[in-house]
Every structure is written in C-alpha cells, then in structure tokens.
Amino acid sequence: WGSLGHETVAWIAQSYVSPATESTIKALLESNRTDYMANVSTWADSYRYTSEGRWTAPLHYIDANDDPPSSCSVDYARDCGDAGCSVSAIVNYTSILLNGHHRPSSSRNASSAAVLKDAARFIIHFIGDLHQPLHDEALDVGGNTINVTYDGEDTNLHHIWDTEIVEQLADGMDAHEFAENLTKSIEAGDYGWNVNGWLSGVVSVNNTLATAMEWASEANAFVCTDVLQEGVDAVEDDGDLSRSYYEAHYDVARVQIAKAGYRLGIWLNLIVTGRMDG
Ligand code: ADE
Ligand code: ZN
Ligand code: ZN
C-alpha cells in the first residue's frame, strides 16, 4: 500500500490494542505520540530505498508463482525466495518482539533497543502489505508492469491498488478519519463483514508461519477472483480504471485494509499479552 493505506491500517490497529499493548509498543518505538503507530507505518518504505536498507526490498511481498486468473495459490517453499519475503519477515520480527518486549527498557542497550524498534516498525508495515493482493503475486512483478490509465494519468496496476483505489475510497478523508470510518464499519459488521471470521483458522504467535501463510493465501485468492479476474489484456484494454474497474473492485481494497488493521492490533496483543483482547 501507499502511505494512506499503511497509515489507515495503523490507526485501525491503534483502536484494537489493549492499554498494556499500547504502552509496550510505545516503549519499543520510543514514542509517546498520539499517532505512535501511524507515524512509523511507512518507515519501511523509506528504509528500503536507502543503501543500508536495500536488502529489505523483498520483504514487502511474497511472489506467488501461480497462473492467474486461472489459478491462484501461495506456497512458502516455492515462493519465498532466498532473500526472504513478507512471510519470513513477519515470522522473524514477531519472534524478535516475542523474545524481547518484556525486558524492561532500562536493561536494554542501544543496539537491542534499535533491533526491537525496527522489529515493531517492520511488523506494523508488513502485516499491511501482506493484505494487498498484488503483494502476494509474482505475475508481471506484482502488476508493476501492467500499464493502465487512472483518472487520466498513465500508471500501472500495482500502483492503482497501492494508492489510487484507496485514495478514491477515502474521498478526501485523512488516514485517521478513514480509519475511524472503517473501525465503525468493523463494529457494525457493515458490507456483510464477518469480523470473527477474520480471526478464524490458525491465528497464533506460536505458529506465525501458518498464520501469515493463511493471510497471504487469502489475499492472493483475490488476484484471481477480483484484481485480474478479467485477465491482464482486458484490464490493460479497459480504458480508465477509475470508473467501472474501480466500481467493481473497491470493496476488496476496503475489506483488506480493514482486516489488516484489525489483525495487526490483535497480533500485537498476542505478542505482548498472549491474549487476543490484550
Ligand atoms: N517486486 C517484485 N514482486 C513484487 C510484488 N509482488 N509487489 C511489489 N513489488 C514487487
Ligand atoms: Zn505495493
Ligand atoms: Zn511496503
């Protein structure tokens, strides 16, 4: 996602963390800001473009080598490369947080504090990216080389899912307002959302790999049923995607952002307290 997507995910998560989780995460992030999570949610995107952080670029996605729109699947052994992927990153940084969050800040040296802070910032970002369907798809470099037009501008399919659809959905709201709007919809079960279902299956910090793979598979399935449902050629030839393509697909972007925020909040509660409700 772009910055609006990541910040919205982080603000939603801020509504679902318990007071104990909030104080632990604030300590790890060395922040007392109201927007403590939203404020760091795009740090990983800046870091990947530094020379020091270049190695983290593959951690933003898992490149499912399937064949949409005829088949969609994610396979860890097949798809998570030697350089790592979003799923291995979530496993690694969850484990760092599980092992380190409970040690008092006063007992941390500068380097262990930095490792924990980065782990928290990475988790906040990568759980967001995991829910963007094209971050779970290799075809055409996650849609980056599928050239399309949106609102009269030449762009690519990846970018319209990261940014354009999300901005059109938010309709001028900032991330905080958009998140409040989505949080109300989560509470009300709007749009047929089955929020309990969002935590079904394996959701356990004792099996992060299975949890992250389940979330990746679910997002990747939308590549066949929605994102590229019409096929690459049809999407490329569809004209301006801000109209009928947007109308046909915005609900997937909306549910995936809401789900990512809700799951991120619960995930942080599980890390800090072992309980979903913190
Ligand atoms: N680079 C390679 N694959 C990608 C993907 N699925 N999403 C974003 N960037 C990528
Ligand atoms: Zn992206
Ligand atoms: Zn990213």
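Structure: above.
Quick notes on the rules
- Residues numbered from 1 in each chain as written.
- Chains lettered and ligands numbered in written order.
- Predicted model: local features only at pLDDT ≥ 70, side-chain atom pairs only at ≥ 80, totals over all residues.
- Heavy atoms only, no water.
- Donors = N, O, S within 2.8 Å, 3.2 Å for Na, K, Ca; no water.
- Helix = DSSP H or I, 4+ residues; strand = E, 2+ residues; numbered from the N terminus.
- Core = buried A, V, L, I, M, F, W, Y, C linked by side-chain atoms within 4.5 Å.
- Buried < 20%, exposed > 50% of the residue type's maximum accessible area, 1.4 Å probe, protein only.
- Contact = heavy atoms within 4.5 Å.
- Pairing = 2+ DSSP bridges.
- Tetrahedral: all angles 85-135°; square planar, octahedral: opposite > 155°, others 65-115°.

> How would you summarise the coordination of the zinc ion (ligand 3) if you had to cite specific residues and measurements?
At the metal site, the zinc ion (ligand 3) is ligated by His60 (ND1), His125 (NE2) and Asp129 (OD), and these contacts range over 2.0 to 2.2 Å. Read in sequence order, the donor residues for the zinc ion (ligand 3) give the motif H-x64-H-x3-D. The distance between the zinc ion (ligand 3) and the zinc ion (ligand 2) comes to 5.7 Å. Of this pair, His60 sits in the loop between α3 (43-47) and α4 (76-79) while Asp129 sits in helix α6 (residues 110-130), placing them 69 residues apart in sequence.

> Run through the nonpolar core, naming residues and quoting values.
Of all hydrophobic cores here, the largest spans 87 residues; its most connected members are Leu157 and Trp161. Among the elements that take part in this core, helix α12 (residues 244-273) stands out by supplying 16 residues, more than any other. When sequence neighbours within four positions are dropped, the list of residues in contact with Leu157 reads Leu134, Gly143, Ile146, Val148, Val227, Leu228, Val235, Leu241 and Tyr245.

> Give a description of the pairing of strand β1 (residues 147-150) that names residues and reports values.
Side-chain alternation along β1 places Val148 and Tyr150 on a buried face and Asn147 and Thr149 on a face that remains uncovered. By the bridge criterion, four bridges tie β1 to strand β2 (residues 153-156) in an arrangement that is antiparallel. Looking at β2, one finds that Thr149 is bridged to Asp154. Hairpin remark: β1 followed by β2, antiparallel, with two residues in the connecting loop; positive phi at Asp151, about 55 degrees.

> Break down the coordination of the zinc ion (ligand 2) for me, citing the residues and quoting the values.
Binding of the zinc ion (ligand 2) to the protein goes through His135 (NE2), His158 (NE2), Asp162 (OD) and Asp162 (OD), at separations of 2.0 to 2.6 Å. Around the zinc ion (ligand 2) sit four donor atoms, and with donor-metal-donor angles ranging over 55 to 150 degrees the site reads as irregular. All donor residues of the zinc ion (ligand 2) come from one chain, and their arrangement in sequence is H-x22-H-x3-D.

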